[in-house]
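Analysis of the macromolecular model
Residue-level listing of the chains:
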Amino acid sequence: MSNELRSKVQAVLPSVRKDLEDLVRIQSVSADPDRLSEVERSAQRTAELFAAEGVDVEIVRAYDGAPPAVIGEKKGPEGAPTVLLYAHHDVQPENDHADWDSPPWEPTERDGRLYGRGAADDKAGIMAHVAALRIFGDDLPVTVRLFIEGEEEVGSDTLVELLGQHQERLAADVIVIADSGNWDIGVPALTTSLRGLVRVDIEVRTLTHAVHSGMWGGLVPDSLMTLARVIASLHDDAGDVAVEGLHRGPAADVDYPEERLRAESGAAPGIEWIGTGSSVERLWTKPSLSITGLDAPKVAGASNTLVPAARARISLRVAPGDTTENALACLVRHLESHVPWGATLTHTVVDTGEATQIDATGPAYDAARAAFTEAWDGTAPVDMGVGGSIPFIAEFLEAFPQASVLVTGVEDPDTRAHGANEGLHLAEFERVVLAEALLLRNLG
Ligand code: BES
Ligand code: MN
C-alpha cells in the first residue's frame, strides 16, 4: 500500500516542483501595498491549482478590497471524515536583494535546496496539499476542505470575519496546518505549541520641535536617548523579559544540542545567549521581546539637533497559556511606568495573534504519528514547540472546538524563512508529501 503511494509521489513530484516554481515567481508580499495585485495573482494561481485537482474552489474575502483567501471542497467517500487543509499564499518581503545568492523571485536549485522567497514558507505548504490531492486523484480517502489565506504574514486581520462568513464550508473533523516544519533533516516533527504575538509601535516625545543640540543639550533630553532607556528597561541583566505579569510555561522535554543552536540560529561568533532556563523554554514556552524597527534620523547627515520624537516597533512573543490581552496590558503598564524625564509615550497596537497549545493525543494524532514514521522510514516524529506564531490556529479552534489540529510543515532548521536565501530542502519535501498522503489515507 505504502509502496504504491511512494511510486505515486515519484510520479507527481516533477509537476509539483514546476507548479511550486510558478508560485514562487509571484511576488505575493502582503505587507507591501504596491504588490497587492501579486497577492491577487497568487490567490488566483492557488485556486487554479486546486481546481485542476477537482476541488470546487472559490476566492473569498471578508469585504471588498480585503485580502483574498481560497476555500474549497472535494468530497471523499460517504461517511469519511472531513479534513481541512490550511496554508498561506502570501509571503514576507524579500528585503535587500544584495543579501540573496540568487534572485528571490527566481526559484533556483543549489545543493539539494530550492531557493526563493516563499519556496518554503508557505508555498511549499500549499504544494504539499496539491500533491496529496494529485496522488489520490478520484480515490480520495477523506473529504477535503481547503483554506489558503492571503494575509498570514501580516497578522490575519480579517480572519475572524472570514471564518464567520464561511463557517459551514470550513467545518472539519481534522485540520492539517502545513505551515511549520520538522525537527531536523531526517527527523520529522509534529508542532504542538506556538507562541502568540503582540506587536506595538511606541513613540517617545521630549520636545515640541527640534532645537540646537549645543544650545539645549544638557538640559533637555533628546527623544532617542529617552527611547533607548525605555527599550533598555524591557530586559533584566540576565536578558529575561522584565515586563511583570507575563506567563511562562514549563520546559518542553526536548534536547536542542548546543552545536545545533549555534549553527542554526545565525548567532555571530562570541554572541552570548540571553535569558534563563533551558534553551527550548526560552525559544518556545517563555515570552520574548525584540525591537524589529526604529524610526530615527539616519547617521549619514545627522545634524547637531535634539531629535524631538522617535519611534520603535516592539514584537512581543507570548508564551502558550498566556493571552495577548494580558500580555498587552502588562506591556503597556511597563512602558508607561518606565518613561524617564517626563517624556510622553504613546503606543499603537499593530496586531495580535493568540498562542496555541495542543493536546497531541487521540486518533488523529495516532494516524499522523503512524504516517510520519512510515514516511521517514521508521523514525517517529518529535513533538516540538516553535517560537513563531500562526494566529489562525486559535481562531479556528474557537470556531470549531471539537476539531483535531495537526501542525505539520515543510521547514527544516536551515530554511531561513523570512530571511535572505530562504530555501526548501527538496529531499525532505518529498517525505512531507508522502507523509501527507499517508496521513489522509490513515485518517480515511
Ligand atoms: N510559518 C510561520 C510560523 C512559524 C514560525 C512556524 C516559526 C514554525 C516556526 C508563519 O508564516 C509566520 O511567520 N507567522 C507570523 C505571524 C504573525 C504575523 C502574526 C510570525 O510568527 O511572525
Ligand atoms: Mn508561514
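Notes on the structure follow. (Residues numbered from 1 in each chain as written. Chains lettered and ligands numbered in written order. Predicted model: local features only at pLDDT ≥ 70, side-chain atom pairs only at ≥ 80, totals over all residues. Heavy atoms only, no water.)

Another point: the overall build of the chain. When you go through the chain residue by residue, the secondary structure sums to 13 helices and 18 strands. A compact globule built from 444 residues would reach a C-alpha radius of gyration of about 22 Å, and the chain, at 23 Å, matches this within 12%. Taken over the C-alpha atoms alone, the chain extends approximately 80 × 45 × 45 Å along its principal axes. In the chain, which comprises 444 residues, the share counted as buried stands at 52%. (Helix = DSSP H or I, 4+ residues; strand = E, 2+ residues; numbered from the N terminus. Rg over C-alpha atoms; globule rule 2.2 N^0.38 Å. Buried < 20%, exposed > 50% of the residue type's maximum accessible area, 1.4 Å probe, protein only.)

Moving on to the site of ligand 1. Ligand 1 sits among 16 residues. The nearest are Glu152, Asp179, Arg317, Ser389 and His418. Residue Glu152 places a side-chain N or O atom 2.7 Å away from an oxygen atom belonging to ligand 1. Contact between ligand 1 and Arg317: an oxygen atom at 2.8 Å from a side-chain N or O atom of the residue. Contact with the protein chains covers 88% of the free accessible surface of ligand 1, which is 510 Å². Considering only residue class, the shell around ligand 1 consists of four nonpolar, six polar and six charged. (Near = heavy atom within 4 Å. Polar contact = N/O pair within 3.5 Å; in protein donor to acceptor, adjacent residues only side chain to side chain. Areas by Shrake-Rupley, 256 points an atom, 1.4 Å probe, with all protein chains shown as cover. Nonpolar A, V, L, I, M, F, W, Y, C, P; charged D, E, K, R; others polar.)

With antiparallel pairing, the four strands of this open sheet are ordered in space as 11-13-9-14. Edge positions in the open sheet fall to strand 11 (288-295) and strand 14 (344-353), since each of these has one partner strand only. Each strand axis lies, on average, 20° off the axis of its neighbour in the sheet, ignoring direction. With nine bridges joining them, strand 9 (residues 196-205) and strand 14 adopt antiparallel strand pairing. Each residue of the ladder has a partner; that of Ile202, found in strand 14, is His347. Sitting on the sheet, helix 10 (residues 324-337) is in contact with strand 9, strand 11, strand 13 (309-318) and strand 14, with an inclination near 20° to strand 9. (Pairing = 2+ DSSP bridges. Axes fitted to C-alpha atoms, helices over the stretch in contact; angles between N-to-C directions. Contact = heavy atoms within 4.5 Å.)

An ideal rise of 1.5 Å per residue puts 20 Å on 14 residues; helix 3 (residues 123-136) measures up with 20 Å between its terminal C-alpha atoms. Burial within helix 3 is extensive, with 14 of its 14 residues counted as buried. Immediately downstream of helix 3, the backbone of Gly137 shows phi near 55°, a positive value. (Expected span 1.5 Å × (residues − 1).)

Their axes nearest at 10 Å, the elements helix 1 (residues 2-24) and helix 2 (residues 36-52) cross at an angle of 165°. Classed by the angle they form, the pair helix 1 and helix 2 counts as roughly antiparallel. Judged by the sense of rotation from one axis to the other, the crossing of helix 1 with helix 2 is right-handed. Where helix 1 approaches helix 2, its residues Asp19, Asp22 and Leu23 are matched on the opposing element by Ser42, Arg45, Thr46 and Leu49. (Parallel < 35°, antiparallel > 145°, perpendicular 65-115°, else oblique. Left-handed = near helix turned anticlockwise from the far one by under 90°.)

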